[in-house]
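Working through the structure, step by step
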Amino acid sequence: MSTLHTHAGWRHALASLLIAALVAVPMYAWFTQDMYALTLVGRILAFGLAALGLNLALGFGGMVSLGHAMYMGLGAYAVGILSSLGLHSGWLHLATAVIVTVVIAAPLGWVALRTQGIAFIMITLAFAQLFYYVFVSLKAFGGDDGISLQQLSDFGFLTGNKFAIYVSLLITVLLALWILQHVVASRFGLVLRAAKVNDRRVQALGARSLPYRITAYVISAVLCALAGFFLANLTGFVSPAMMTWAVSGELIVMVLLGGMGSVFGPVVGAFALLLTEEGLKLMTERWPMILGPLIVLIVIYLKRGLWGLLEER
Amino acid sequence: MQQLTLKALCAAAIATCALATTSASAQVKIGFMSTLSGPAASLGQDMYDGFMLGVEQSGGKLGGATIEVLKEDDQLKPELGVQIVSKFIERDKVDIVTGVTFSNVMMAVAKPLADGKAVFVGSNAGPAPLAGAQCNANFFFTSWQNDMQAEVVGKYATDKGYKNVYIMAPNYQSGKDNVAGFKRYFKGGVAGEVYTTVNQPDYSAEIAQMQAAKPDALFVFYPGGMGVNFVKQMRQAGLLGQIPLLSVSTTDGSTIPALKETALGVISGTFWGPDFNNPASKKFVADFEKKYNRIPSQYAAQSYDSALLIDSALKKTGGKASDKAALTAALRAADFKSVRGNFRFNKNGFPIQDMHVFEVAKDAQGRVSLKTASTPLKDLADPYVKDCPLK
Amino acid sequence: MSFNLLLAQALNGLQFGVLLFLMAAGLTLVFGIMSFINLAHGALYMFGAYFAALVFAASGSFGLALLAAAGGVFILAALLDAGGLAVLHKRDHLDQVLATFGIVLFSNEFVRWAWGNSPLFMDTPEALSNSVQILGFNYPAYRFAIIGVGLAVALGLYALIERTRIGMLIRAGASNREMVSALGVNIGWLNRFVFALGAGLAGLAGAMVGPILSIQPGMGEPILVLTLVVIVIGGIGSIRGAFLGALVVGVVDTLGRVLLPIWLRELFDASVANAAGPALASMLVYLLMVLVLAFKPDGLFPVKARQQ
């Protein structure tokens, strides 16, 4: 499939340009001491990471999950809850985020994947709502008000250092891209994508698609949890507002805007959506009145998302 | 291909705009942030309108200094609030940050504000931790500590001799805080305590349950849309005349226009009402109505006061905001004529003020508004100040 | 809890269920039968409420307000469809999700720009403003109107879809566009009609609900999630499924909200019950949906299998 291995062409060029820009941001911030740039781009990058994760399940696996923001919340709350209990070690936070997510995503994915189509969408939504209400009522951990992190994940002298957070986030995103690129091209990815198109044929060929799908679902959940971990450290704040179905919806929008069939697409989608929001905000307070129709037009005329514009013909 | 290049260029241009620095030309820069979109936007808008009225009164100057106000919308998203406050402090280098509608956003931005040693004048949210253990010498609030409104209603209920009050609130932090505040001052018996789902549309089941408990009064905390729903449904059940409804934030300037006569008779507790008699308040109400064509809510009054407070402080520092110590000292002095009458700060930056009880009634012009009923608590200090380590 | 109160709560549950059906009817038509995921259903419902409030305030006639709401949203949807949305009928669900999401963004801001941030005022019509005593509890008369309208819509829709020629064409067009087209029916107009009808129903629901709920920007989103849950539990594709699903959700949610805290208080001490009760009650509907989907992925009352 040429969509994955473009050696030359616009896609490669634009992807390299975007990555170069992302690498340039901390350098710019270092010279101008403009930390806000790190916060702004960092937040978008974190959402990009989550969108990348969702894309594995949604774009390649065909699993439309309206509940992935829940995993972002889990990653963030791993930091928040441990921190409020006095446990600050950064590696502990990271490990907890990943392990808790796997422990929760695996059974949830298994239950959800017993259904398909709209039922799957709704069940993922239901689980997300359940967790949302649980966290809202947890008065011990801030409830609706959330937890303000007095101390961020402890990574020695790098604790709370915006540069360190941004750079490690960028490295994580690049790693994720590289891994996903290989996963999708591997036999695992092949079975996954085939199952999306026609599950029955895959079963007839002797491969049980369920373990592949659950694995893809769990991997995508873990990527979202990592995004939540970084967001918690970037903003120093954790609240149930991060796990509403509206946030899940935004993630889907990012994946779709970027174009589902590619690995890099979601990152483009995240930047497209959030930067356009920021830009439109500078122009007018009524920016949703411009963004809304823009999205509709993109859907109607750009069938494969923004990234699809660059597809090799 | 042209489409994409154009799009890429636009994105790049927008990105550059987002990252570009803004130039400063005013003497004092103020960053104003509130919730200006979503269902609760009317609160944030009221706050902005009240604040700007205060700024524009003296021709865009406070304390003699020309003011530039940067207005931002936190969309009720705490992490967006953090991003905006970071921008205010690091990029725009504002002298004062003000506003903040909701407590969860307030708790999120408290940290970057404290880390950046920013001067903050809050004009709505007043969560308990910021009054207690996390109090900050640079934070000032011209509104109230979140529990105070419920406390005065609790005192009112005690004074009225109610023995069997049924309590209802939404199941989130603010709901529980308000119930706790009510119970702190209410010495009678509780007939029932029910927490409903946030944004629940239909209360008929809870209303039936409440009727079965036969209380002599009902206390609720239902802000915004929830308040409109609840009061409408109580009125339609014919119960509003029969069971006294005591409330907090349920019938205020933002919900009364949607309820009109439906809300007549409902009691609420807060620090200010549009029928106050002091000169500052009368001027404020008259100017506000003339400019915006509506009766100001308490949220507008709070923010108007914050502008007056900043004005008084800048007068003392000679229009300069660069000396933070002098600015905070001047703010702490609170030497201004507040629309609520007496105003002074407690050591934690929250006001010590009289709290009143209001009834929804028609004003002199026949419009449905709030009428002052009584003043059960004078010079009320919040209950969390004892946890504040500041002197 | 007294038996009287329990009965009264069951009645409340039924009434809430019919209210939910009214809100779900339009969505089940568009989504269940046309297979078009319309996230903007909540926005259409919102427009219905706004149109009704404005016309009622201006004219004083509730009937006129209802007509304006249903008719206005019907026309609005028809125009939208004609104006380009029709392309989405053939696309996959995700494209529909994305596009209708864009419409929601626009609608909420438009409403805020046109009619302000604060909730709009709408009262119940004079004739229905009093309350009735049932089993010793006060029952707003207006709720009977809602039940009446809900039942009328249920019967009307059922009759339309199952018993008329147009209904047959609609069902046929949903299963096999090309065949219906080949038979000489203009499938584009048919789909437009169904889409507009679904929207009109949403508008009607918004108007009926206006007097009891808050009319404000974004009022559609909480309703949207709830109606999706109702349809999924009831079974996608049938009016009967949506109606029965709505009743089930209404009764379970209402009784759950009142009974759960009581039961919890029996089993645990007050502080735990007070903390867990409301949280569980708010999760109840979603728990129910998970349970239903785990055992009956097609819902409780699914339509008989159609040709794919």
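All values reported here derive from a predicted model rather than from experimental measurement.

Here the focus is the overall build of chain A. A tally of helices and strands in chain A yields 13 helices and two strands. Against the globule reference of 20 Å for 313 residues, chain A gives a C-alpha radius of gyration of 19 Å, in line with a compact fold. Overall, the C-alpha framework of chain A stretches about 55 × 40 × 40 Å when taken along its three principal axes. Scored against the burial criterion, the 313 residues of chain A give a buried share of 64%. Partitioning the contacts of chain A with sequence separation of at least 6, the portion at a separation of at least 24 is 78%. As presented, chain A carries roughly 12000 Å² of accessible surface, and 68% of it is formed by carbon and sulfur atoms. Between the mean site of the 17 positive side-chain charges and the mean site of the 11 negative ones, chain A shows a separation of 15 Å.

Right, let's talk about the state of the cysteines for a bit. Residue and element names in this part refer to chain B. Under the defined criterion, the tally for this structure stands at one disulfide over all chains. There is a disulfide in this structure between Cys135 and Cys388, and the S-S distance comes to 2.0 Å. Across the disulfide from Cys135 to Cys388, rotation about the S-S bond amounts to roughly 85°, and the bridge is consequently right-handed. Placement of Cys135 in the loop between helix H5 (128-131) and strand E6 (139-141) and of Cys388 in the segment after strand E14 (368-380) is noted, with a sequence separation of 253 residues between them. Overall, the relative accessible area of 11% leaves Cys135 in the buried class.

So, on to the pairing of strand E8 (residues 189-196) of chain B. Residues and elements named next belong to chain B. Relative to E8, strand E7 (residues 164-170) runs parallel, the two being bridged by seven bridges. If you follow Ala169 over to E8, its bridge partner there is Tyr195. A crossover connection joins E7 to the parallel E8 through helix H7 (residues 173-185); in handedness this β-α-β unit is right-handed.

Below, the discussion takes up the interface of chain A and chain C. Taken together, the 34 residues of chain A in the interface contact 37 residues of chain C. Summing the contributions of chain A and of chain C, the shared interface buries around 3300 Å²; its carbon and sulfur component is 84%. Among the residues of chain A in contact with chain C, A:Met122, A:Met289 and A:Val299 are the three that bury the most area, contributing 18% of the side total. Between chain A and chain C we count one salt bridge in total. Measuring nitrogen to oxygen at the nearest pair gives 2.9 Å for the salt bridge that ties C:Glu109 to A:Arg286. The tally of links from chain A across to chain C stands at five residue pairs in polar contact (both at pLDDT 80 or more). Elements with a contribution of two residues or more to the side of chain A that touches chain C: helix H5 (118-137), helix H10 (245-258) and helix H12 (288-301) of chain A.

On to the packing of helix H2 (residues 41-59) of chain C against helix H9 (residues 220-234) of chain C, then. The angle between the axes and the distance between the axes are what describe a pair of packed helices. All names here are of chain C. Interhelical geometry of H2 versus H9 gives an angle of 130° and a closest axis separation of 8 Å. Judged by the angle between their axes, H2 and H9 are oblique. The handedness of the crossing between H2 and H9 is right-handed. The residues of H9 that touch H2, namely those facing His41, Gly42 and Tyr45, are Gly220, Ile223 and Leu224. The class makeup of the residues in the contact of H2 with H9 is three nonpolar, three polar and no charged.

Take the interface of chain B and chain C next. The interface of chain B with chain C comprises 37 residues on the first partner and 36 residues on the second. The junction of chain B with chain C conceals about 3100 Å² of combined surface from both sides, 51% of it contributed by carbon and sulfur atoms. Three residues stand out in chain B for area buried against chain C, namely B:Asp202, B:Lys232 and B:Gln236, and they jointly supply 19% of the buried area on that side. The interface formed by chain B and chain C contains two salt bridges. Between B:Asp202 and C:Arg143 there is a salt bridge, with the nearest N and O atoms lying 2.8 Å from each other. Where chain B packs against chain C, one counts 14 residue pairs in polar contact (both at pLDDT 80 or more). In terms of residues, the side of chain B that touches chain C owes the most to one element, helix H8 (residues 204-213) of chain B, which gives seven residues. Looking at the side of chain B that touches chain C, its residues break down into 14 nonpolar, 18 polar and five charged.

All names here are of chain B. Confidence along chain B averages 89 in pLDDT terms, with 93% of residues attaining 70 or more. Ignoring residues within four places in sequence, the model shows residues 1-10, a span with pLDDT below 50, making 10 contacts including any to other chains. What the predictor reports for the complex is a pTM of 0.85 with an ipTM of 0.83.

Before going further, it helps to examine the pattern of salt bridges. Taken as a whole and judged by the stated rule, the model has 29 salt bridges over all chains. Each of A:Arg286, C:Glu109 and C:Arg112 takes part in salt bridges that share partners, so that together they form one network.

Here we come to the sheet that holds E6(B). Residues and elements named next belong to chain B. The strand order E2-E3-E1-E4-E5-E6 describes an open sheet built from six strands, whose pairing is mixed. Looking at which strands have only one partner, the edges of the open sheet turn out to be strand E2 (61-62) and E6. The pairing of strand E5 (residues 119-122) with E6 spans three bridges and is classified as parallel. In the sheet register, Gly122 faces E6, and the bridge partner there is Phe141.

This part takes up empty space enclosed by the protein. Rolled over the atoms, a probe with the dimensions of a water molecule shows which regions are left empty. Counting across every chain of the model gives six cavities of 30 Å³ or more. Its volume calculated, the largest cavity comes out at about 150 Å³. What lines the largest cavity is a set of 16 residues, among which B:Ser204, C:Asn12, C:Asn138, C:Tyr139 and C:Pro140 lie closest to the centre. Among the elements of the structure, H8 of chain B together with helix H1 (3-33) and strand E2 (137-140) of chain C are those that each provide at least two residues to the lining of the largest cavity. In terms of residue class, the lining of the largest cavity is made up of 10 nonpolar, five polar and one charged.

Quick notes on the rules
Residues numbered from 1 in each chain as written. Chains lettered and ligands numbered in written order. Predicted model: local features only at pLDDT ≥ 70, side-chain atom pairs only at ≥ 80, totals over all residues. Heavy atoms only, no water. Helix = DSSP H or I, 4+ residues; strand = E, 2+ residues; numbered from the N terminus. Rg over C-alpha atoms; globule rule 2.2 N^0.38 Å. Buried < 20%, exposed > 50% of the residue type's maximum accessible area, 1.4 Å probe, protein only. Contact = heavy atoms within 4.5 Å. Areas by Shrake-Rupley, 256 points an atom, 1.4 Å probe, with all protein chains shown as cover. Lys, Arg positive; Asp, Glu negative; His and termini not counted. Charge placed at Lys NZ, Arg CZ, Asp CG, Glu CD. Disulfide = S-S within 2.5 Å. Pairing = 2+ DSSP bridges. Right-handed = clockwise from strand over helix to strand, strands pointing away. Buried area = accessible area lost by both parts, 1.4 Å probe. Salt bridge = Lys/Arg side-chain N within 4 Å of Asp/Glu carboxyl O. Polar contact = N/O pair within 3.5 Å; in protein donor to acceptor, adjacent residues only side chain to side chain. Axes fitted to C-alpha atoms, helices over the stretch in contact; angles between N-to-C directions. Parallel < 35°, antiparallel > 145°, perpendicular 65-115°, else oblique. Left-handed = near helix turned anticlockwise from the far one by under 90°. Nonpolar A, V, L, I, M, F, W, Y, C, P; charged D, E, K, R; others polar. pLDDT = per-residue confidence, 0-100. 1 Å grid on protein atoms, 1.4 Å probe; cavity = no way out; pocket = protein on both sides within 12 Å on 5 of 7 lines; lining within 4 Å. Points joined across faces, edges and corners; volume = space filled by probe spheres on them.

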